[in-house]
Amino acid sequence: MFGHFGFECLPHQLVNKSIQQGFSFNVLCVGETGIGKTTLIDTLFNINLKEKKSSHFYTTVGLNIQTYQLQESNVQLKLTVVETVGYGDQMNKEGSYQPIVDYIDAQFEDYLQEELKIRRSFIESHDSRIHVCLYFISPTGHTLKSIDLVTMKNIDSKVNIIPLIAKADTISKSDLQKFKCRIMSELLNNDIQIYQFPIDDETTAQVNASMNGYLPFAVVGSMDEVKVGKRIVRGRQYPWGVLQVENENHCDFVKLRDMLLCTNMEDLKDQTHIRHYERYRNLKLHKMGFSDVGPDNQPVSFQEIYEAKKQKFYDQCVREEDELKQKFMQRIKEKERTLKEGEKELKDKFEHLKRLLLEKTRKLEQDRRQLEEEIIDFYKRKVASETLQTQAYINMKKEKERKK
């Protein structure tokens, strides 16, 4: 910066600040098991992720998420690689794309929730939004599979898609070019939007325009070092010769690496934020009832919408409270009516039992008086009998004495 004055030093300040903070890049790799996703990532970033071999017997599609801290010179990169697991291995492939869509939306939702916080910390929190989707196409040489079309159709509005023909060394050059044309034709006919390298920047317009003509890239990945003449290159050793990964006459790996990392990484991140995330945010806020214009198509502020929704929510709460009160009072009245009916039934039953008791008591009293009268009559007869017996005895005694 020696000899520079004024605001022409701003680019240097931004560069220094960015280098200090570091960079992040999130890559989604979608493709069938064993198609070479991990190998290509290793080759792109010159690392060894040491991923375990995947099985073909997963009942559902899963995602393997790994984050790595990389450094080249004094530039640090936080790389997040999300790979599909078991993709295309199920008998029923109808919902194979759903875990991918759910994950992408979940990252948008996390960023939106952070954005809506009062105290936001975008620098401290990791931005996990997917910046690019490398879609690996099986090198059949014929057409795209239905699962490829369905998946790309469901994610093209959510992520930047760069289609890749994996293991391109299995197709001849003539067949490969026909396969590329067929793929682009199918994508166009099915209205699938893939990422186009930007041509609005004069410094990269020409190279990006030419690279758009090479899509989808035919790539081969390999970390093996092979000796070719006096040079050691990364490639694959075959009985008929050596395929050099970084030889543009053999595959499009160098084109992909230059376009992805050297030229358009920041544009991929910008497109993720400006296009895909803003679309998700717009739909989410509209679903929540927020809008930039009112019913009369006049601009309204976020505060006005918030106050209107707050008032609407308050009115709704009042209405629901009144309805609950009415239902509560109605239930109380019904309960009181039920209790009164029960009380009346109990009272009637009590009166009935009381009458029965009085009748039984009166009957018992009559029986008691009748019994007492019978007892008195019995004693009277007993006394009369005893008197007669005594009189008879006296008369008998007198009769005996007279006879003597």
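Caption draft 1: Main features of the overall build of the chain. Helix and strand counts for the chain stand at nine helices and nine strands. Relative to the compact-globule value of 22 Å for 404 residues, the chain shows a C-alpha radius of gyration of 49 Å, a clear excess of over 25%. Along the first, second and third principal axes, the C-alpha atoms of the chain reach 185 × 65 × 45 Å. When contacts within the chain are restricted to residue pairs at least 6 apart in sequence, long-range pairs at least 24 apart make up 66% of them.

Caption draft 2: Representation of the pattern of salt bridges. Overall, the coordinates contain 20 salt bridges when judged by the stated rule. A salt bridge links Lys269 to Glu266; the shortest N-O distance between them is 3.9 Å. Here the residue Lys269 and the residue Glu266 both occupy positions in helix H8 (residues 265-287), the gap between them amounting to three residues, near one helical turn.

Caption draft 3: Structural context of unusual backbone geometry. Looking along the chain, the bond that leaves Leu215 and enters Pro216 is cis, with omega of -5°. Inspection of the secondary structure assignment puts Pro216 in the loop between helix H6 (205-212) and strand E6 (217-218). Even without glycine at this site, Lys167 takes up a positive phi of about 50°. Within the secondary structure, Lys167 is located in the loop between strand E5 (161-165) and helix H5 (173-189).

Caption draft 4: Highlighting the packing of helix H3 (residues 98-115) against helix H4 (residues 146-155). Closest axis-to-axis distance for the H3/H4 pair is 10 Å, and the angle between their directions is 15°. Comparing the axis directions of H3 and H4 gives the class roughly parallel. In terms of crossing hand, the pair formed by H3 and H4 is right-handed. On the side of H3, the interface is formed by Ile100, Val101 and Ile104, while H4 contributes Thr151, Asn154 and Ile155. When its residues are assigned to classes, the contact of H3 with H4 shows four nonpolar, two polar and no charged.

The rules we used
Residues numbered from 1 in each chain as written. Predicted model: local features only at pLDDT ≥ 70, side-chain atom pairs only at ≥ 80, totals over all residues. Heavy atoms only, no water. Helix = DSSP H or I, 4+ residues; strand = E, 2+ residues; numbered from the N terminus. Rg over C-alpha atoms; globule rule 2.2 N^0.38 Å. Contact = heavy atoms within 4.5 Å. Salt bridge = Lys/Arg side-chain N within 4 Å of Asp/Glu carboxyl O. Axes fitted to C-alpha atoms, helices over the stretch in contact; angles between N-to-C directions. Parallel < 35°, antiparallel > 145°, perpendicular 65-115°, else oblique. Left-handed = near helix turned anticlockwise from the far one by under 90°. Nonpolar A, V, L, I, M, F, W, Y, C, P; charged D, E, K, R; others polar.

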